[in-house]
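Residues per chain, in single letters:
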Amino acid sequence: MALDAWMAGAAPSAYTASTLQSVGKTLADAEAQIRSAATAAPAEQADLTAAVNDLSVAVARAETGLRAGDRPEVQSAQQNVRMALRSLVVAYAKYFAPKP
């Protein structure tokens, strides 16, 4: 949402960059927690970890583009964020799905 607002000119760069930085830290913490969790579903855990990492990379790319004032880079990264979010939803659902 912060990226959407920045792209529309409705959010200042400093606020948006700070938001992205905070999201990046949260994702790094989440990835570490997922990696360290004991699980009976290692494949699903690996998929979830990869999805969180992909989202983290996309957010970092958006932050870098934003700080450089590179609007096309931010727009491209925003698309990567959306794709990564979709992948995360699928991986999350598989990881937490009831196991037989």
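Just so it is clear, the model here is predicted, and its values are computed rather than measured. (Residues numbered from 1 in each chain as written. Predicted model: local features only at pLDDT ≥ 70, side-chain atom pairs only at ≥ 80, totals over all residues. Heavy atoms only, no water.)

## Some points on the overall build of the chain
Condition: Secondary structure elements follow DSSP: runs of H or I no shorter than four residues count as helices, runs of E no shorter than two count as strands, and numbering proceeds from the N terminus. A 1.4 Å probe rolled over the protein chains alone gives each residue an accessible area, and that area as a share of the maximum for its type sets the label: buried under 20%, exposed over 50%, partly exposed in between. Areas reported here follow the Shrake-Rupley algorithm with a probe of radius 1.4 Å; residue values treat only the protein chains shown as occluding. Note on charges: Lys and Arg go in the positive column, Asp and Glu in the negative column, and His and the chain ends are not counted at all. Where a charge lies is defined by one atom per residue type: Lys uses NZ, Arg uses CZ, Asp uses CG and Glu uses CD.
Along its length, the chain carries 4 helices and 0 strands. Shown N-terminal to C-terminal, the secondary structure of the chain runs as helices and strands in the order α-α-α-α. Dimensions of the chain, computed from the C-alpha atoms along their principal axes, are close to 50 × 20 × 15 Å. By the burial criterion, 33% of the 100 residues in the chain qualify as buried. Carbon together with sulfur atoms contributes 60% to the accessible area of the chain, which is approximately 6,100 Å² in total. Looking at the chain, you have 9 positive and 9 negative side-chain charges, and the mean spots of the two groups are 3 Å apart.

## Side note on the packing of aromatic side chains
Where we set the bar: Working definition: a ring pair exists when centres of Phe, Tyr or Trp rings (six-membered ring for Trp) sit within 6.5 Å. Plane angles under 30 degrees give stacked, over 60 give edge-to-face, the rest tilted. Only when the NZ atom of a Lys or the CZ atom of an Arg is both within 6 Å of the ring centre and within 35 degrees of the ring normal do we say a charge sits over the ring.
A complete count under the given rule lists 2 aromatic pairs for this structure. For the ring pair Tyr-92 and Phe-96, a centre distance of 4.5 Å and an interplane angle of 45° mean the geometry is tilted. Of this pair, Tyr-92 and Phe-96 both sit in helix 4 (residues 71-96), 4 residues apart, which is roughly one turn of the helix. On the basis of an interplanar angle of 90° and a centroid distance of 4.8 Å, the ring pair of Tyr-95 and Phe-96 is categorised as edge-to-face. Of the residues examined, Tyr-95 reaches a relative accessible area of 15% and is grouped as buried. Here a set of aromatic residues connected by ring pairs shows up, and it is made of Tyr-92, Tyr-95 and Phe-96. One cation-aromatic arrangement involves Arg-71 over Trp-6; the distance from NZ or CZ to the ring centre is 5.3 Å.

## Details of the pattern of salt bridges
This is how it is decided: The term salt bridge refers to a pairing of a side-chain nitrogen on Lys or Arg with a carboxyl oxygen on Asp or Glu at a separation within 4 Å.
Enumeration according to the criterion identifies 4 salt bridges in this entry. One salt bridge connects Glu-31 with Arg-35, and the closest N-O pair in it is separated by 2.7 Å. Separated by 4 residues within a single helix, Glu-31 and Arg-35 lie in helix 2 (residues 13-36), roughly one turn from each other. With its nearest N and O atoms 2.5 Å apart, the salt bridge here joins Glu-73 to Arg-61. Taken together, the residues span a long stretch of sequence, with Glu-73 in helix 4 and Arg-61 in helix 3 (residues 42-68) at a distance of 12 residues. Residue Glu-73 is classed as partly exposed on the basis of its relative accessible area, which comes to 24%. Arg-61 gets classed as partly exposed once you look at its relative accessible area, which sits at 25%.

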